[in-house]
Amino acid sequence: MSTTTVETSAAVTDDGPARRPRRIRGREERSLAASLASHGILIAGSVVALFPVGWLVFLSLGPDEDDYLHPGGIWKKMTFDNYSFVLQHTSFFDWLKSSLIVSLGTTVLGVLVAATTGYAVSRMRFPGYRKFMWVLLVTQMFPVAVLMVPMYQILSDLGLIDSYLGLILVYCSTAVPYCAWLLKGYFDTIPFEIDEAGRVDGLSPFGTFARLILPLAKPGLAVAAFYSFITAFGEVAFATTFMLDDQKYTLAVGLQTFISEHDAQRNLMAATAVLIAIPVSVFFYLVQKNLVAGLTAGGTKG
Amino acid sequence: MTVAIDRATGKRRGDRAPRPGLGQRLKHSYQKYWYAYAMIAPVVIVLGVLVLYPLVYGLYLTLTDANSLNTARTIGVNHIDATYKFIGLDNYKDILFGPLSYDRFWSHFIWTVAWTALCVALHYTIGLGLALLLNQKLRGRTLYRLLLIVPWAVPTFVTVFGWRIMLSDGGIINSFLHMLHLPQPSWLEDTFWQRFAAIMVNTWCGVPFMMISLLGGLQSIDASLYEAAEMDGASAWQRFRYVTVPGLRSVSSTVVLLGIIWTFNQFAVIFLLFGPTSAPDAQILVTWAYYLGFGQQPRDFAQSASYGILLLAVLIVFTSFYRRWLNRNEQQLAI
């Protein structure tokens, strides 16, 4: 109590004389200085956010692998040679194919397997529910190191090292529980009355799910699919270890091959990086609003 | 058939009438819940095969001295059988208390904790600051928002290489520092600067997620609360402290936990920034475990797996405490 009084009186003595003569500002209005400061910080932030990517784009236009040392020289000899070289003389399209196969495989499997589970944990309370949710949460925090060694052994026993299927299965170990979480979050936002109406009209729980809820949950499914795709696409550790044949490298592995201990083809690497970044980020921007909502609003009382 | 939909009323188990016998209970629960179990069956099976089985197998490997020289392998047409043997808890003993355990484990452990704490603190503060700025009425707000999430939109494995070129000797960052007559650290060689660079790059990568999530949280705070606070004469700081902070609490607790888990497990940034072999002192536990198991010859599978189990244990203990702490403060985790 006493502290508040002290604070207010202090505030009054501080601001009183200065503020009174001025025009009263409405809500959401700020002084010019505050606006300028906001813009200044945001511009600085945007520059920092954009610069490394922009720099890659810029370097990708320089024809020589040491151009990064003298970036000024690139202006005079800008060329798209790096791009044509990457597209024609490297395994770029093989890597792209591997990346797409693995990511799409993970996405389809992850969403298919997780969909019914997301619905069940959103709508039903069954013995073991809390334990099950806990398991789903814990599997998401597995460090790569936990599963990598045993997976490597198991997959080599099965002859699945260096195969797309092996990598898809590995990715599913994280994608499936994550999709289940995301989908639960989305199903939670669909009113229960819809289920009840379906049940009253004589649908079984499976019928309710398949005929009523699933069509309504398309945006949620899209978010889960997109999220699995992005994680699988950008995964580095397992892909680096499990893919041995350089025709089967995913893009994340292939990009590393430009920089070895002896030779660093930075110009080609930059061009490849840009080629990868453009479609992925366009895709990302198209769905990012849904993604954010899906990631954080999937509230649960676990 | 009874309906098990109870709208998440939070009804706990155990508030039912006297418990019938076990067989009866199983039968009852089967009849009542069979479709729930049928629906979660796919995930249970997949997790059992893809997570539980490797986990158990990994646990077993940590109790052996398996490495790439004594595990089963096929060279050409010859199949060599596994010859590793059971050694009990020796791996854990060796990692935690063995000779040089400080250099091999504890130094990396301390660095990992520091790395996680610093990165998440930076992610959160910068993310919150930017979110607050973006939450005002401002010309070009959408454009700023789109530009600021670039680091999230472009895959990490791409941007880290951009940073690697920028940070290398003679790269743009050192040229810039040279222009300002500042010292030019060798970012990718000195331990301290390696760590500095790693934190910097990871902060750059992680801020957009925090920013966007917190922005979502800010926008969901009821504007009338601010009006009321203003009517009562609350200063800008008081509005922040007593309206914004409590309003963000549930989003914050979730994104901070996610941030901690992701940063603790962050593999790509450190692995790609320094390459697989250099920078032994800047490796966090995850990349260090990877190095032990796959980056060196002979590959030490048992030790690597033991690191993995230890890491998982750390995370599980941490998350349990975090949840308990949240529950005590009457909050629920929204993941």
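In what follows, the accompanying structure is described.

### Focus on the overall build of chain A
No. 1: Scanning chain A from terminus to terminus reveals 13 helices and 0 strands.
No. 2: In chain A, the succession of α and β elements from N to C terminus is α-α-α-α-α-α-α-α-α-α-α-α-α.
No. 3: Relative to its full complement of 302 residues, chain A shows a buried share of 54%.
No. 4: Long-range pairs, those at least 24 residues apart, make up 73% of the contacts in chain A with a sequence separation of at least 6.
No. 5: Roughly 13800 Å² of accessible area belongs to chain A as shown, and the carbon and sulfur atoms make up 66% of that amount.

### A word on a nonpolar patch on the surface
All names here are of chain B.
No. 1: A surface patch of nonpolar side chains, amounting to about 420 Å² of accessible area, comprises Phe176, Met179, Leu180 and Leu182.
No. 2: Looking at the element boundaries, Met179 is found in helix 7 (residues 172-179).
No. 3: Met179 gets classed as exposed once you look at its relative accessible area, which sits at 58%.

### What about the pattern of salt bridges?
All names here are of chain B.
No. 1: In the structure shown here, the tally under the stated rule is 4 salt bridges over all chains.
No. 2: In this structure, Asp94 and Arg104 form a salt bridge, with 3.3 Å as the shortest nitrogen-oxygen distance. Placement of Asp94 in helix 2 (residues 90-97) and of Arg104 in helix 3 (residues 101-134) is noted, with a sequence separation of 10 residues between them.
No. 3: Look at Arg104 and you get partly exposed, because its relative accessible area is 24%.
No. 4: Between Arg239 and Glu230 there is a salt bridge, with its nearest N and O atoms 3.6 Å apart.

Rules used in this analysis
- All residue numbers refer to positions counted from 1 along the written sequence of the respective chain.
- All chains are assigned letters beginning at A, and all ligands numbers beginning at 1, according to the order in which they are written.
- Predicted model: local features are reported for residues with pLDDT of at least 70 only, side-chain atom pairs are reported and counted for 80 or more only, and whole-chain, interface and lining totals are derived from all residues.
- Hydrogens are left out, water is left out, and the side-chain values use all remaining heavy atoms of the structure.
- By the criteria applied, helices consist of DSSP H or I runs no shorter than four residues and strands consist of E runs no shorter than two, each listed in order from the N terminus.
- Exposure categories follow from relative accessible area, calculated using a 1.4 Å probe and restricted to protein chains: below 20% of the type maximum is buried, above 50% is exposed, and the middle band is partly exposed.
- Note on contacts: a residue pair qualifies if any of its non-hydrogen atoms lie within 4.5 Å across the two residues.
- Using the Shrake-Rupley algorithm and a 1.4 Å probe, accessible areas are obtained, with residue cover drawn only from the displayed protein chains.
- Patch membership requires over 30% relative accessible area and the absence of a salt bridge. Like charges are linked within 9 Å, and nonpolar side chains (Val, Leu, Ile, Met, Phe, Trp, Tyr) within 5 Å.
- Salt bridge, as used here: a side-chain nitrogen of Lys or Arg that lies within 4 Å of a carboxyl oxygen of Asp or Glu.

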